[in-house]
Amino acid sequence: QLQLVESGGGLVQPGGSLKLSCTASGFTLDWSAIGWFRQAPGKEREGVSHISSTGGSTNYADSVKGRFTISRDNAKNTVYLQMNKLKPEDTAVYYCAAPLYDYGRSWYDSTGYDYWGQGTQVTVSS
């Protein structure tokens, strides 16, 4: 079956770094763009970053721009989210997601994605 699995979350101090991974099974990622989303307690899910199928185009939420970097290694069927200079407000469950088609929606619109991982918890706290 088609699956996305996130890993790499954990507890980190403010200013620290984590690298999240999103690995696909049942399909190859080379045909698919990937989005990273997060949802904090009591808040709506928000788009964090996005990368095109080739890696040639990336997008970032203003809140993470300059701190997070999305990348992909299609040979490993994996997309990464390198998170640096983490802040307490980055605390959330992080999800990766893949669209089946280009629906013409904004990259940060979660309704444009068809496959979702189970999420990985990122907690930034002293």
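This one's a predicted model, so the numbers in the text were calculated from it and none came from an experiment.

(A) Layout of the nonpolar core. Core analysis: the largest hydrophobic core is formed by 28 residues, its most contacted members being Leu4, Trp36, Phe68, Val79, Leu81, Met83 and Tyr94. Only strand 3 (18-25), strand 4 (34-39), strand 5 (46-51), strand 7 (68-73), strand 8 (78-83), strand 9 (92-98) and strand 11 (120-124) provide two or more residues apiece to this core. With near-sequence residues (within four places) excluded, leucine 4 lies in contact with Cys22, Thr23, Ala24, Phe27, Leu29, Cys96, Ala97, Ala98, Tyr115, Trp116, Gly117 and Gln118.

(B) Structural detail: the pairing of strand 5. The buried count for strand 5 comes to five of six residues, which makes it a mostly enclosed element. For strand 4 and strand 5, the ladder comprises five bridges, and the chain directions are antiparallel. Its bridge partner being in strand 5, tryptophan 36 is matched across the sheet by serine 49. Counting the residues in the hairpin turn of strand 4 and strand 5 gives six residues, including glycine 42, whose phi is positive at 75°. Inspection of the sheet shows strand 5 paired to strand 6 (residues 58-60) by three bridges, in the antiparallel sense. Looking at the pairing, isoleucine 51 lines up with threonine 58 of strand 6. Taking the residues that link successive antiparallel strands as the turn, the strand 5-strand 6 hairpin has six residues, and the phi of glycine 55 there is positive, at about 85°.

(C) Looking closely at a nonpolar patch on the surface. A cluster of nonpolar residues, Trp31, Leu100, Tyr101 and Tyr103, forms a patch on the protein surface that exposes about 430 Å² of accessible area. Take tyrosine 103: it is sitting in the loop between strand 9 and strand 10 (115-116).

(D) View of the side chain of serine 32. Summarising the element assignment, serine 32 is placed in the loop between strand 3 and strand 4. Residue class for serine 32 comes out buried when judged on its relative accessible area of 1%. There is a polar contact of 3.5 Å between the side chain of serine 32 and the backbone oxygen of proline 99.

(E) Expanded view of the sheet that holds strand 1 (residues 3-7). Across the sheet, four strands lie side by side as 1-3-8-7; this open sheet has antiparallel pairing. Bordering the open sheet on either side are strand 1 and strand 7, each of which pairs with just one other strand. Averaged over all adjacent pairs, the angle separating strand axes in this sheet is 15°, with direction ignored. The pairing of strand 7 with strand 8 spans six bridges and is antiparallel. The residue bridging isoleucine 70 from the neighbouring strand is leucine 81, located in strand 8.

About the cut-offs
- Residues numbered from 1 in each chain as written.
- Predicted model: local features only at pLDDT ≥ 70, side-chain atom pairs only at ≥ 80, totals over all residues.
- Heavy atoms only, no water.
- Core = buried A, V, L, I, M, F, W, Y, C linked by side-chain atoms within 4.5 Å.
- Buried < 20%, exposed > 50% of the residue type's maximum accessible area, 1.4 Å probe, protein only.
- Helix = DSSP H or I, 4+ residues; strand = E, 2+ residues; numbered from the N terminus.
- Contact = heavy atoms within 4.5 Å.
- Pairing = 2+ DSSP bridges.
- Patch = residues over 30% accessible without salt bridge, like charges linked within 9 Å, V, L, I, M, F, W, Y side chains within 5 Å.
- Areas by Shrake-Rupley, 256 points an atom, 1.4 Å probe, with all protein chains shown as cover.
- Salt bridge = Lys/Arg side-chain N within 4 Å of Asp/Glu carboxyl O.
- Polar contact = N/O pair within 3.5 Å; in protein donor to acceptor, adjacent residues only side chain to side chain.
- Axes fitted to C-alpha atoms, helices over the stretch in contact; angles between N-to-C directions.

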